[in-house]
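Chains, contacts and geometry: an overview
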Amino acid sequence: MVINEHTSQDELARHAYIVGDNADLRLPLDQIHWRYDEAFPLERLYEVMSHSAWTKWFQDELAMKADEYGTDHDWRRLLAEEIEEPAVILDHEGLLIWDGWHRCAASVIKGQAPKVVWGVEKSLVLDRHLVPPALSATHIRM
């Protein structure tokens with residue numbers, strides 16, 4: 001499925017559920033408002049770890065993959081190519097990356113904001129900075 005700014009709330013939720021990791025059930029899926037962000041702010045990813053920590057983590061992952069499988073091409077290509085597949089991030093008591101750690105790391109290293117399917121607790125969506133630009137409080141139906 002192609003994910004973009006025209007993807008419906010239901011499709012974004014289904015995508016997040018399929019590829020994401022909500023094993024701890026910190027927030028039930030029906031309490032999450034999903035949106036697509038073409039350019040998620042890199043500054044938000046620094047809430048997870050610093051630029052140098054992201055770089056070290058990615059290098060460690062490349063080394064581990066090369067040792068285990070004899071190649072690190074799958075992840076190394078993220079540094080050379082445009083990253084099309086969005087990461088899945090839940091913004092609940094801090095950022096939780098459900099899917100796309102390597103995509104986020106490569107984005108940080110390249111200095112390019114990643115594409116993200118971003119979930120926010122529905123009760124917080126009315127807070128202005130969390131409302132998708134195309135919506136206003138009068139348009140939100142939960």
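Let us look at the structure shown here. Computed from a prediction, not measured in an experiment: that's the story for all the values here.

**With respect to the packing of aromatic side chains**
Counted by the stated rule, this structure contains five aromatic pairs. When the centroid spacing of 5.6 Å and the interplanar angle of 70° are considered together, the rings of Phe40 and Trp118 count as edge-to-face. Residue Phe40 is located in the loop between strand E1 (32-37) and helix H2 (42-45), and its partner Trp118 is located in strand E4 (residues 116-121); the two are separated by 78 residues in the primary sequence. The pair Phe40 / Trp118 is uniform in exposure class, with both members buried. By the ring-pair criterion, three or more aromatic residues cluster together here, those being Trp54, Trp57 and Trp101.

**Structural notes on the pairing of strand E2 (residues 87-91)**
Of all five residues in E2, five are buried, a share of seventy percent or more. Burial of E2 is two-sided: the residues Ala87, Ile89 and Asp91 facing one way and the residues Val88 and Leu90 facing the other way are all buried. Bridging between E2 and E4 involves five bridges; their strand directions are parallel. Residue pairing in the sheet places Leu90 in a bridge with Gly119 of E4.

**What to know about the nonpolar core**
Taken as a class, soluble globular proteins show a tendency for nonpolar side chains to be buried jointly. Counting 21 residues, the largest nonpolar core has Phe40, Leu45, Trp54, Ile89 and Cys104 as the members making the most contacts within it. When residues of this core are assigned to their parent elements, the largest contribution, four residues, is made by helix H5 (residues 101-110). Not counting residues up to four positions away in its chain, the partners in contact with Trp54 are Leu45, Tyr46, Val48, Met49, Ile97, Trp101, Cys104, Ala105 and Val108. One finds Ile3, Val88, Trp98 and Val117 within the second-largest nonpolar core, a separate group that totals twelve residues.

Cut-offs applied
- Residues numbered from 1 in each chain as written.
- Predicted model: local features only at pLDDT ≥ 70, side-chain atom pairs only at ≥ 80, totals over all residues.
- Heavy atoms only, no water.
- Phe/Tyr/Trp six-rings, centres within 6.5 Å; stacked < 30°, edge-to-face > 60°.
- Helix = DSSP H or I, 4+ residues; strand = E, 2+ residues; numbered from the N terminus.
- Buried < 20%, exposed > 50% of the residue type's maximum accessible area, 1.4 Å probe, protein only.
- Pairing = 2+ DSSP bridges.
- Core = buried A, V, L, I, M, F, W, Y, C linked by side-chain atoms within 4.5 Å.
- Contact = heavy atoms within 4.5 Å.

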